[in-house]
Amino acid sequence: MGFFDTKEQKQLDALANRIQMNFENNYKDAALLNLKEYEELLAYCKEHGKIKESKIKKYEDTLEEYRQRTKNHAHKDQKPKW
């Protein structure tokens, strides 16, 4: 997060941090919801020119990394704790 980042870039960085924390705490459903928000905000920013072209690649790479981590997530993998 830089000093001259736009409001949207700060929002994307905050969402990326939240996704990472949710993964680390094994809250995959919350991570998936945040990932969807991240994807929608990135698409909006690209469409409306809110982020410089030079920074878009970084955010797209982050999005792809998180997509790979959630690719095989399914509720059937979760065992009941009771």
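Fair warning: this is a prediction, and the values are worked out from it, not measured in the lab.

Conventions adopted
Residues numbered from 1 in each chain as written. Predicted model: local features only at pLDDT ≥ 70, side-chain atom pairs only at ≥ 80, totals over all residues. Heavy atoms only, no water. Core = buried A, V, L, I, M, F, W, Y, C linked by side-chain atoms within 4.5 Å. Buried < 20%, exposed > 50% of the residue type's maximum accessible area, 1.4 Å probe, protein only. Helix = DSSP H or I, 4+ residues; strand = E, 2+ residues; numbered from the N terminus. Contact = heavy atoms within 4.5 Å. pLDDT = per-residue confidence, 0-100. Expected span 1.5 Å × (residues − 1). Arc of directions from axis to C-beta. Polar contact = N/O pair within 3.5 Å; in protein donor to acceptor, adjacent residues only side chain to side chain. Axes fitted to C-alpha atoms, helices over the stretch in contact; angles between N-to-C directions. Parallel < 35°, antiparallel > 145°, perpendicular 65-115°, else oblique. Left-handed = near helix turned anticlockwise from the far one by under 90°. Nonpolar A, V, L, I, M, F, W, Y, C, P; charged D, E, K, R; others polar.

## What about the nonpolar core?
Moving on, step 1. Core analysis: the largest hydrophobic core is formed by 16 residues, its most contacted members being Leu12, Ile19, Tyr38, Leu42, Ile51, Tyr59 and Tyr66.
Moving on, step 2. Put simply, the parts of the chain that give this core at least two residues each are helix 1 (7–24), helix 2 (28–48) and helix 3 (53–70).
Moving on, step 3. It is helix 2 that provides the largest number of residues to this core, a total of six residues.

## What about the side chain of Thr62?
Moving on, step 1. Along the polypeptide, Thr62 turns up in helix 3.
Moving on, step 2. Residue class for Thr62 comes out buried when judged on its relative accessible area of 17%.
Moving on, step 3. Sequence-distant contacts of Thr62, that is, excluding residues within four places in its chain, are made with Ala16 and Tyr38.

## Remarks on the confidence of the model for the chain
Moving on, step 1. Per-residue pLDDT for the chain averages 87, and the proportion of residues at 70 or more is 85%.
Moving on, step 2. At the level of individual helices and strands, the chain shows its lowest average pLDDT in helix 3, which scores 92, and its highest in helix 1, which scores 94.

## Some details on helix 2
Moving on, step 1. Taking 1.5 Å per residue as the helical rise, helix 2 with its 21 residues ought to reach 30 Å, and the 30 Å between its terminal C-alpha atoms agrees with that figure.
Moving on, step 2. Among the residues of helix 2, Ala31, Asn34, Leu35, Tyr38, Leu41, Leu42 and Cys45 are the ones counted as buried. Down the axis of helix 2, the smallest arc covering the buried residues is 135 degrees, so these residues share one side. Turned more than 90 degrees from where helix 2 packs its buried face, Leu33, Lys36 and Glu47 sit exposed.
Moving on, step 3. The inward-facing, buried residues of helix 2 abut helix 1 and helix 3.
Moving on, step 4. A positive backbone phi angle near 65 degrees is found at Gly49, which sits one or two residues after helix 2.

## Quick word on the side chain of Asn22
Moving on, step 1. By the secondary structure assignment, Asn22 is in helix 1.
Moving on, step 2. On the basis of relative accessibility, which here comes to 11%, the residue Asn22 falls in the buried class.
Moving on, step 3. There is a polar contact of 2.7 Å between the side chain of Asn22 and the side chain of Asn34.
Moving on, step 4. Beyond its immediate stretch of four places on either side in the chain, Asn22 contacts Tyr27, Lys28, Ala30, Ala31 and Asn34.

## A few points about the packing of helix 2 against helix 3
Moving on, step 1. Running from amino to carboxyl end, helix 2 crosses helix 3 at an angle of 155 degrees, the nearest separation of the two axes being 11 Å. Comparing the axis directions of helix 2 and helix 3 gives the class roughly antiparallel. As helix 2 packs across helix 3, the resulting crossing turns out to be left-handed. Taking contact as the criterion, the partners of Leu32, Leu35, Tyr38, Glu39, Leu42 and Lys46 in helix 2 are, on helix 3, Ile56, Tyr59, Glu60, Thr62, Leu63, Tyr66, Arg67 and Thr70.
Moving on, step 2. Within the contact of helix 2 with helix 3, the residues separate by chemical class into eight nonpolar, two polar and four charged.

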